[in-house]
Amino acid sequence: MTSEVDPAVVIELVKRYSGGETIESLVAEYPFSYRKVRTALIDAGVALRPPKIRLPPTPPGLVNAYEHGRSIRQVAALYGMSYNQTRNILLAEGVRLRSRGQPKQV
């Protein structure tokens, strides 16, 4: 399928993607669909990065609740979020998670 995209353009796409740009940003600049850019990158042997998980803004008090002894499940229930989403937010905020079943260390 790379035959549909000029080889010089494929080289540029690979260079820019490898430099940190996203497929979405490349699609915004080139007259190709997301699928065509993605396919060109794959055909060129590029290992695609996993999509970034978009997280909602951290609700006030969420980190504090965990750091003061509540479990991730309790915090998730308190804020109406899933366990995984709550865990990912805590990790994104730089919180050091406790071992499973361990109480807060004093």
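Since we're looking at a predicted model, the values are computed, not measured.

As a further point, take the overall build of the protein chain. Counting its regular elements, the protein chain contains 6 helices and 0 strands. Counted from the first residue to the last, the protein chain has its helices and strands arranged as α-α-α-α-α-α. The C-alpha radius of gyration computed for the protein chain amounts to 21 Å, which surpasses the reference 13 Å derived for 106 residues by more than 25%, pointing to a less compact arrangement than a globule. The dimensions of the protein chain, computed from C-alpha atoms along their principal axes, are 60 × 20 × 20 Å. Taken over 106 residues, the protein chain has a buried fraction of 25%. In the protein chain, the proportion of contacts linking residues at least 24 apart, taken out of those at least 6 apart, comes to 51%. Positive and negative side-chain charges of the protein chain, numbering 15 and 9 respectively, have mean locations separated by a distance of 16 Å.

Here the focus is the nonpolar core. Judged by nonpolar contacts, Val5, Val10, Leu13, Tyr17, Ile23, Leu26, Tyr30, Phe32, Val37, Ala40, Leu41 and Val46 together constitute the single largest core of 12 residues. Mapped onto this core, the elements with two or more residues apiece are helix 1 (7-18), helix 2 (23-29) and helix 3 (34-43). Among residues more than four places away in sequence, those in contact with isoleucine 23 are Tyr17, Tyr34, Val37, Arg38, Leu41 and Leu48. Listed in part, the 10 residues of the second largest apolar core include Leu62, Val63, Ile72 and Val75.

Below, the discussion takes up the packing of helix 1 against helix 3. Packing of helix 1 against helix 3 brings their axes to within 10 Å, and their N-to-C directions diverge by 90°. Between helix 1 and helix 3, the interaxial angle falls into the category roughly perpendicular. Contact residues: helix 1 offers Val10, Leu13, Val14 and Tyr17, while helix 3 offers Val37, Ala40 and Leu41. Its residues placed into classes, the contact of helix 1 with helix 3 shows 7 nonpolar, no polar and no charged.

Here the focus is the packing of aromatic side chains. Considering all chains together, one arrives at 1 aromatic pair under this definition. Ring geometry for tyrosine 30 versus phenylalanine 32: centroids 6.4 Å apart, planes at 10°, classification stacked. Note on accessibility: tyrosine 30 and phenylalanine 32 belong to one class, buried. Above the face of the tyrosine 17 ring, arginine 49 is positioned so that its terminal group lies 3.9 Å from the ring centre. The ring of tyrosine 83 has arginine 73 sitting right over it, with the charged end atom 4.5 Å from the ring centre.

Before going further, it helps to spend a moment on the layout of surface pockets. One number sums up the size of the largest pocket: a volume of about 380 Å³. Considering the residues around the largest pocket, the lining is formed by 13 residues, among which Thr22, Glu24, Pro50, Pro51 and Lys52 are closest to the centre. Where the lining of the largest pocket is concerned, the elements lending two or more residues are helix 2 and helix 3. Residue composition of the lining of the largest pocket, grouped by class: 6 nonpolar, 2 polar and 5 charged.

The subject of this paragraph is the confidence of the model for the protein chain. With 92% of its residues at a pLDDT of 70 or more, the protein chain has an overall mean of 89. Per-residue pLDDT, averaged within each element of the protein chain, yields its smallest value for helix 6 (residues 83-92) (92) and its largest for helix 5 (residues 72-79) (97).

Attention now goes to the environment of threonine 58. Position of threonine 58 relative to the elements: it lies in the loop between helix 3 and helix 4 (62-67). Note on threonine 58: relative accessible area 28%, which makes it partly exposed. Counting along the chain gives 32 residues from threonine 58 to leucine 90, while the straight-line C-alpha distance between them is 8.5 Å. With sequence-adjacent residues up to four places away left out, threonine 58 is seen in contact with Val63, Ile89 and Glu93. Looking at threonine 58, its side chain comes within polar contact range of the side chain of glutamate 93, at 2.6 Å.

Criteria and thresholds
- Residues numbered from 1 in each chain as written.
- Predicted model: local features only at pLDDT ≥ 70, side-chain atom pairs only at ≥ 80, totals over all residues.
- Heavy atoms only, no water.
- Helix = DSSP H or I, 4+ residues; strand = E, 2+ residues; numbered from the N terminus.
- Rg over C-alpha atoms; globule rule 2.2 N^0.38 Å.
- Buried < 20%, exposed > 50% of the residue type's maximum accessible area, 1.4 Å probe, protein only.
- Contact = heavy atoms within 4.5 Å.
- Lys, Arg positive; Asp, Glu negative; His and termini not counted.
- Charge placed at Lys NZ, Arg CZ, Asp CG, Glu CD.
- Core = buried A, V, L, I, M, F, W, Y, C linked by side-chain atoms within 4.5 Å.
- Axes fitted to C-alpha atoms, helices over the stretch in contact; angles between N-to-C directions.
- Parallel < 35°, antiparallel > 145°, perpendicular 65-115°, else oblique.
- Nonpolar A, V, L, I, M, F, W, Y, C, P; charged D, E, K, R; others polar.
- Phe/Tyr/Trp six-rings, centres within 6.5 Å; stacked < 30°, edge-to-face > 60°.
- Lys NZ or Arg CZ within 6 Å of the ring centre and 35° of its normal.
- 1 Å grid on protein atoms, 1.4 Å probe; cavity = no way out; pocket = protein on both sides within 12 Å on 5 of 7 lines; lining within 4 Å.
- Points joined across faces, edges and corners; volume = space filled by probe spheres on them.
- pLDDT = per-residue confidence, 0-100.
- Polar contact = N/O pair within 3.5 Å; in protein donor to acceptor, adjacent residues only side chain to side chain.

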